[in-house]
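Residue strings, one per chain:
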Amino acid sequence: MDKNKTIHIKSFIYLDEDKMYSISSQLFEGMTQYILKKETESFNEEQQQKGNFLSGRFMADMMSQSKGKSEMCYLHDFAFNLFEKELEERSLLYDIKPTDDLADLLDKGFVRIHGKVVFCDYARMQYIIDNFNNIGRAIGSLQYVANEQLMQQFNQDIATTKDREQRNKKQQIVKSVEKKIEEQLKQQGLVLDDKYIKNLSTVMKFGFQESFEVRVILSESSLNFSVVANPQCFKERGNVLVSKYSRITEKEFTVIGIITQAGNPKPEIPELQGVDMKTAAQGMNETIANLEMQFNGRSENECIIDPIAIFTELS
C-alpha cells in the first residue's frame, strides 16, 4: 500500500442504500449487486494483509465469514465511494458553487454541496409542541419550588380545616397564587395558550408529518438549500445527531443528491369537462395541493435536493 496516497475517510450520518443501488445498477450496466459482489470476491481471494480495502487480518476474516445481509452491510459505505467515483468519472456530478443561481441549477442532475447544516427534525418539534406547556410548568415548578412547598402546606391545611368559610378563603389564596405563577410563566414564554398549542399541533401534523429536513448553509450564497431526507436512512436518530453536532452545526457536511425543485415552471392542468365524481376529486386534489404549498412549497430563492448521502470528511 502506498503510504503517501491520500485517503478520504467519510463519516456517514445518512445513506439511502436503495437509491444508491438503483442508480448503480444503471451505471454498472444493470448489475444490481456489481459493487458488492466484485469487491467481496476480490477481497476474499486475498491471502495477505494489504490494507487498501480493509486494514487488518481480523477484519479480513470477519468479512469473509459474514453471510447474507450482514455481509452486505459492511460494504455499503465503500460501495458509495465507488458510486461517487463513477459519477465523477462520467462528469455526472456537479459541485454547487456560491456564485450559482437557480438558473444554473435547473438542468443539473446529481449535485454535491458542502457547508454547515441546520437539522429540522419535525417529529421532535411535534413532540415539543404537544408537551410544551407541561414542560414549561415543570420548569416553573423548579423555579418556584418555595411556592410549591407553600402550596402543599396550604393544601394539607385545607384538608384538615373543618370550618367551611376558612377553608374557602384558603382555597382562594391557593388559586390566586397558582394564577400568579401561571402569569409569570406566560411572561417568560414557558407557557402558551392551550388552544393555540392545540391548533399549532394540528397544523404541524398536517403540514410536516414528522418529516426530517437538513438545510445546508453555503457560505456567500444567496440561495437556500433544503435537503428533504428519509428519516429511516439516517445512521442515528435525530435527537442523537443534534446532541452530537448541535441543531446548527459547527462542522461542515457534504450532501450528494438529486435536485428535485429549482424553479422550473409547473404545467397548467386542463380542466375536466362535465360534472362527476372524478371532476370533484380532481378539484379537491388541487385544493389540497394549494394548501400543501403553504407548508412544503419552494420559496423564490430555494433549491430542494433529494439526498443520497450526507457525511463529514475526516481526511
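Residues numbered from 1 in each chain as written. Predicted model: local features only at pLDDT ≥ 70, side-chain atom pairs only at ≥ 80, totals over all residues. Heavy atoms only, no water.

Peer 1: Would you mind showing me how to read the overall build of the protein chain here?
Peer 2: Helices and strands together make up the secondary structure of the protein chain, namely 13 helices and seven strands. Taken across its 315 residues, the protein chain has 33% of its residues classed as buried. When the accessible surface of the protein chain is summed, it comes to about 20,600 Å², and 51% of that surface belongs to carbon and sulfur atoms. (Helix = DSSP H or I, 4+ residues; strand = E, 2+ residues; numbered from the N terminus. Buried < 20%, exposed > 50% of the residue type's maximum accessible area, 1.4 Å probe, protein only. Areas by Shrake-Rupley, 256 points an atom, 1.4 Å probe, with all protein chains shown as cover.)

Peer 1: Would you mind showing me how to read the environment of H76 here?
Peer 2: Mapped onto the elements of the fold, H76 is located in helix α5 (residues 76-89). Its relative accessible area of 6% is what places H76 among the buried residues. On a C-alpha basis, the gap between H76 and L15 in space is 8.6 Å, while along the polypeptide they are 61 residues apart.

Peer 1: Just to check I follow, could you spell out helix α12 (residues 238-245) for this structure?
Peer 2: In an α-helix, one turn spans 3.6 residues, which is why side chains three or four residues apart end up on the same side. Within the sequence span of α12, burial applies to G238, L241, V242 and Y245. Seen end-on, α12 carries its buried residues on one side only, within an arc spanning 100°. Those residues of α12 that are exposed and angled more than 90 degrees off the buried face are S243 and K244. If you follow the buried residues of α12, they end up packed against β1 (10-15), β3 (110-121), β4 (212-217) and β6 (248-261). (Arc of directions from axis to C-beta. Contact = heavy atoms within 4.5 Å.)

Peer 1: Would you mind going over the layout of surface pockets with me for this structure?
Peer 2: To find leftover empty space, one rolls a probe the size of a water molecule over the atoms. Estimates place the volume of the second largest pocket at around 410 Å³. Taken together, 22 residues make up the lining of the second largest pocket; nearest its centre are V228, Q261, N296, G297 and I304. Ranked by residues supplied to the lining of the second largest pocket, first place goes to helix α13 (residues 277-296) with five residues. Across the lining of the second largest pocket, the residue classes tally to nine nonpolar, seven polar and six charged. (1 Å grid on protein atoms, 1.4 Å probe; cavity = no way out; pocket = protein on both sides within 12 Å on 5 of 7 lines; lining within 4 Å. Points joined across faces, edges and corners; volume = space filled by probe spheres on them. Nonpolar A, V, L, I, M, F, W, Y, C, P; charged D, E, K, R; others polar.)

Peer 1: Please clarify how the side chain of S226 should be interpreted in this entry.
Peer 2: Tracing the backbone shows S226 in strand β5 (residues 224-229). Non-local contacts of S226, meaning those with residues more than four positions away in its chain, are made with E213, V214, R215, E302, C303, I304 and I305.

Peer 1: Looking at this structure, I do not really get the packing of aromatic side chains. What am I missing?
Peer 2: Two descriptors summarise a pair of aromatic rings, namely the distance from one centre to the other and the angle between the planes of the rings. Enumeration over the complete set of coordinates arrives at ten aromatic pairs. Centre to centre, the rings of F119 and F212 are 6.2 Å apart; their planes meet at 65°, and the pair counts as edge-to-face. Here F119, found in strand β3, pairs with F212, found in strand β4; they are 93 residues apart in sequence, far enough to count as distant. The class for F119 is buried, based on a relative accessible area of 1%. A residue is classified by how much of its surface remains accessible, and F212, at 4% relative accessible area, is buried. For the cation-ring pair, K10 lies above F311, with the distance from its terminal atom to the ring centre recorded as 5.3 Å. Across the ring face of Y94, the terminal group of K108 is positioned such that the distance to the ring centre comes to 4.7 Å. (Phe/Tyr/Trp six-rings, centres within 6.5 Å; stacked < 30°, edge-to-face > 60°. Lys NZ or Arg CZ within 6 Å of the ring centre and 35° of its normal.)

Peer 1: When you look at the environment of E84 in this model, what are you seeing that I'm missing?
Peer 2: Looking at the element boundaries, E84 is found in helix α5. A residue is classified by how much of its surface remains accessible, and E84, at 8% relative accessible area, is buried. The spatial distance from the C-alpha of E84 to the C-alpha of S24 is 9.8 Å, given a sequence separation of 60 residues. With sequence-adjacent residues up to four places away left out, E84 is seen in contact with K10, L93, R112 and I256. Side-chain polar atoms of E84 contact the side chain of R112, separated by 2.7 Å. (Polar contact = N/O pair within 3.5 Å; in protein donor to acceptor, adjacent residues only side chain to side chain.)

Peer 1: Which parts of the structure should I look at to understand the confidence of the model for the protein chain?
Peer 2: A low pLDDT score tells you not to read the predicted coordinates there in detail. In the predicted model, the protein chain carries a mean pLDDT of 79, and the fraction of residues at 70 or more is 73%. Mean pLDDT across the secondary structure elements of the protein chain bottoms out at helix α3 (residues 57-65), with 43, and peaks at strand β2 (residues 93-95), with 96. A low-confidence stretch, residues 51-68 (pLDDT under 50), is modelled with 23 contacts involving residues beyond four sequence positions or located in other chains. (pLDDT = per-residue confidence, 0-100.)

Peer 1: Would you mind going over the pairing of β3 with me for this structure?
Peer 2: Consecutive residues of a regular strand have side chains that alternate between opposite faces of the sheet. Counting buried residues in β3 gives ten out of twelve residues, a clear majority hidden from the surface. As defined by bridge partners, β2 adjoins β3 across three bridges and the pair is classed as parallel. By the bridge assignment for β3, D95 is matched with R112. Bridge count for β3 against β6 is eight bridges, and the pairing is antiparallel. Across the sheet, K116 pairs through a bridge with E252, a residue of β6. (Pairing = 2+ DSSP bridges.)

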